[in-house]
Amino acid sequence: MYKKFDAKIDALLAKMSLHDKIGQLNQPCTPLPHQVEQFKEWIRKGEIGSILMAVGATAGNDPQGAIDVDFYNELQRIAVEESPAGIPMIFGRDVIHGHRTVFPIPLAMAASFDFDLVEQSYVDVAREAANETVHWTFTPMLDLSRDPRWGRIIEGPGEDPLVGACMAKAVVKGCQGEDVSHKDRMVACAKHYIGYGAAEGGRDYHRTEISNYSLYNYYLPAFRAAAEAGVGTYMSSFNEINGQPVTSSKFYLTDVLRGQLGFEGFVVSDYGCVEQLIKQGVTDDRGEASSMAIEAGLDMDMYDFCYIENLEEQVKNGRIPESVIDTAVRRVLRLKMAKGLFEDPYCKPEKFDRNVHLAHAREMAANSMVLLKNDGVLPLKKDMNIGLIGPFINERRSLLGSWTVDGKAEETPTLLEAMTEAVEGKGKIHANVGISLDKDFTFRMADRGDVVVLALGESWARTGENKAVSDITITEDQKSLFKKVKATGKKMVGVFFCGRPIAMEGIAEYFDAILYAWHSGSETTHAVCDVLFGDVVPSGRLPVTMPRLATHIPLYYNVTPSGRPCNCYYGENPGNCYVDSYPTPYYPFGYGLSYTKFVYNDIINCANPEVSLADLEAGKTFKLSIEVANAGDYDAKELVQLYIHDPVAKMMRPMRELKAFEKTFIKKGETALVEFELGYKDLGYYTAEGDYTVEPGKIEVFIGENCLTERMTEIVIK
Ligand code: NOJ
């Protein structure tokens with residue numbers, strides 16, 4: 001893929017000193033004002049290859065200044081005109097789910113199951129950020145997670161490998177486009193490679209235990225898809241796996257990533273990961289840590305100056321050969337060339353109309369929201385009297401979600417503002433925050449409505465990096481608030497603004513309808529109005545299981561059978577699991593409602609549901625289809641989901657695995673024929689050695705509205 005740059009890189013490398021080369025592997029943070037002169041000096045000496053455009057370790061939580069384009073252009077000028085090798089720097093920033101226009105948190109975008117829309121979103125995101133000097137973004141975050149206590153679950157695709165793979169492709173394509181050198185494009189970064197989302201107990205940065213079987217079948221597919229989509233970079237993760245820090249693991253960083261996934265770009269460490277090897281206890285020396293990391297395959301050192309301060313000495317004393325450095329530098333230079341930085345290193349901002357991006361953000365947000373419950377109260381009518389209660393009615397910042405570095409809370413309309421605008425000239429909003437104000441007044445406002453909308457949720461500050469929670473619920477005062485409102489006897493609609501799934505037992509029962517609105521970005525509240533008033537029919541589906549209680553975690557749908565009767569905690573027979581509670585999900589993976597009614601017919605199996613393994617391998621497929629009728633009153637989109645189960649295989653296979661889905665628009669009164677094809681790549685699994693295998697035998701195929709569907713047929717691989 002990068003072959004065309006080889007000759008130019010050879011020529012460059014031949015001219016560079018060892019010091020110049022190592023400088024290319026050094027990525028410090030943006031300097032604070034008092035560090036600027038020193039920083040410029042480093043650039044002049046060729047000691048900086050890239051800048052992490054952030055101040056502080058967790059850019060998603062700490063306030064960051066706006067990007068000063070002139071400042072970065074000046075730093076770039078010094079690199080190009082005054083450094084020994086004249087190589088431009090590559091500037092990277094955490095543009096995770098939006099720049100000035102903020103899109104929904106990635107977990108919410110995954111809930112849309114509309115990956116064309118996700119790709120479109122990242123085209124906008126890239127355009128805005130690239131227009132302010134960002135060459136490289138540290139997204140997509142592809143960490144599969146089964147633990148909503150983990151604060152960073154908001155940044156990822158949820159619990160399913162296929163959804164992760166779809167997210168990977170969409171984000172990489174959206175950011176990088178066909179030609180990443182285009183001024184509106186950014187290099188993407190698949191992170192955190194790998195296993196970071198499996199942190200024990202959801203405690204950020206902590207240890208993980210991941211067998212190779214789980215690695216290949218659950219944690220790796222999204223990263224494999226990123227490589228296939230041509231992602232330019234990977235970020236190695238903070239965590240250890242089975243006692244081995246990823247930072248110093250040749251197995252993960254080279255054998256798997258380069259050998260098996262065929263990745264050719266470069267790997268950047270996560271923040272301070274090289275030095276962290278000392279804390280992790282695999283060395284007590286920064287020089288040795290640097291050698292271990294670069295030997296393992298970690299090309300660029302983020303933040304801690306370990307490489308620049310130690311690698312020269314490590315080469316000179318014979319600990320590592322210079323060829324190891326050359327390999328890493330070659331990878332970095334390739335990407336800089338691919339990004340077009342040698343031709344055009346400077347940013348020349350252009351003016352453009354951001355309203356188009358806001359309209360896309362609104363569409364993305366409305367498509368991400370999940371209707372969890374509706375006893376006939378939604379959609380609301382615009383001429384109603386609506387009691388609008390709760391701590392989120394005036395909230396702005398939390399709507400943007402964590403990892404929002406450049407979005408502006410003050411530009412984000414509150415729910416009260418958006419609803420007032422939506423009903424203008426027709427209905428009336430009776431609003432009260434309800435918490436910390438006069439509760440009786442809340443009661444009166446609720447009582448005046450024909451219906452009450454309760455705006456509840458969690459603060460953005462409870463989510464994101466290093467923000468794990470031990471209980472995934474909403475605060476006690478919010479619970480007492482909705483219980484009090486319930487006493488009015490009015491119909492209650494809960495709109496939940498959350499970053500993660502919450503434990504719904506003791507909450508959902510109180511509501512007549514629940515819209516899960518997530519932290520959906522700049523246009524959250526307009527999108528909520530679109531859905532509440534029926535201008536958009538909800539079509540989001542859960543990309544993660546929503547448990548009854550936090551104590552049931554981990555609870556995920558693609559689990560293997562236990563072999564004993566206490567097996568069926570995800571589906572039937574749950575009473576045989578815990579003696580003190582019902583462990584079934586409150587809402588399962590893939591779940592979500594619509595305003596219309598979809599009726600599924602039986603699965604239409606292929607004319608010949610038997611295919612030989614050889615034919616399958618040669619490209620033959622099983623073709624299955626299903627008729628879905630829209631028998632309700634609204635034109636709407638339905639997510640038709642296909643799962644498989646291999647009941648007899650050498651390795652135990654999950655009871656359900658999502659293998660395909662189709663988001664289909666069906667007009668009211670019409671029926672759609674939804675067709676699927678299952679081929680070789682869908683019907684096998686990876687062994688612990690990383691070999692893909694498809695075994696002969698029967699496969700159960702389920703098609704339906706969520707992972708608990710029992711609508712089944714069988715196909716046979718002979
Ligand atoms: C640490 C985070 O883990 C990573 O996701 C982020 O990209 C870097 N810091 C840079 O801010």
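Refer to the preceding data block for the structure.
Residues numbered from 1 in each chain as written. Predicted model: local features only at pLDDT ≥ 70, side-chain atom pairs only at ≥ 80, totals over all residues. Heavy atoms only, no water.

K.L.:
Talk me through the nonpolar core; I want residue IDs and the actual numbers.
P.N.:
Within the largest apolar cluster, 172 residues are counted, with the highest numbers of intra-cluster contacts made by Y234 and M504. Once residues within four sequence positions are removed from consideration, Y234 is found in contact with C189, A190, Y193, F223, A226, A227, L257, L261, F263, F266, V267 and V268. Listed in part, the 64 residues of the second largest apolar core include V433, V495, F497 and A672. (Core = buried A, V, L, I, M, F, W, Y, C linked by side-chain atoms within 4.5 Å. Buried < 20%, exposed > 50% of the residue type's maximum accessible area, 1.4 Å probe, protein only. Contact = heavy atoms within 4.5 Å.)

K.L.:
Outline unusual backbone geometry, listing residues and values.
P.N.:
A cis geometry characterises the amide bond from T139 onward to P140, with omega recorded as 10°. The residue after Y193, namely I194, is reached through a cis peptide bond having omega 5°. You will see that F113, though not glycine, has its phi angle at about 50°, which is positive. By the secondary structure assignment, F113 is in the loop between α5 (106-112) and α6 (115-130). (Helix = DSSP H or I, 4+ residues; strand = E, 2+ residues; numbered from the N terminus.)

K.L.:
So, the sheet that holds strand β26 (residues 712-717): which residues are in play, and what are the values?
P.N.:
Here we have five strands laid out as an open sheet, ordered β18-β26-β25-β20-β21, and mixed in their pairing. At either margin of the open sheet sits one strand with a lone partner, and together these are β18 (610-611) and β21 (657-666). (Pairing = 2+ DSSP bridges.)

K.L.:
Talk me through the sheet that holds strand β17 (residues 598-604); I want residue IDs and the actual numbers.
P.N.:
Taken in spatial order, the three strands of this open sheet run β17-β19-β22, and their pairing is antiparallel. Looking along the sheet, the strands with just one partner apiece sit at the ends: β17 and β22 (671-678). On average, each strand axis in the sheet is tilted by 20° relative to the strand beside it, whichever way the strands run. With eight bridges connecting them, strand β19 (residues 622-630) and β22 associate as antiparallel partners. Bridge pairing in β22 links A629 to T671. (Axes fitted to C-alpha atoms, helices over the stretch in contact; angles between N-to-C directions.)

K.L.:
Describe the side chain of S236, naming the residues involved and giving the relevant values.
P.N.:
In this structure, S236 sits in strand β6 (residues 233-236). If sequence neighbours within four positions are ignored, S236 has contacts with Y193, V246, L253, V267, V268, S269, D270 and L298.

K.L.:
Which residues make up the pattern of salt bridges, and what values do they have?
P.N.:
Applying the stated criterion across every chain yields a total of 50 salt bridges. For D535, the salt bridge goes to K382, with nearest N and O atoms at 3.0 Å. With a gap of 153 residues between them, D535 in the loop between α20 (524-532) and β17 and K382 in the loop between β11 (370-374) and β12 (385-389) connect regions that are remote in the sequence. Judged by its relative accessible area of 23%, K382 is partly exposed. (Salt bridge = Lys/Arg side-chain N within 4 Å of Asp/Glu carboxyl O.)

K.L.:
Explain the packing of aromatic side chains to me, using residue names and the numbers behind them.
P.N.:
Summed over all chains, the structure comprises 33 aromatic pairs. With 5.5 Å between their ring centres and 75° between their planes, Y193 and F223 make a pair best called edge-to-face. In this pair, Y193 sits in strand β5 (residues 189-193) while F223 sits in helix α9 (residues 221-228), placing the two residues 30 residues apart along the sequence. When sorted by exposure, Y193 lands in the same class as F223, which is buried. For R548, the ring lying beneath its charged end belongs to Y586, and the centroid distance is 5.0 Å. (Phe/Tyr/Trp six-rings, centres within 6.5 Å; stacked < 30°, edge-to-face > 60°. Lys NZ or Arg CZ within 6 Å of the ring centre and 35° of its normal.)

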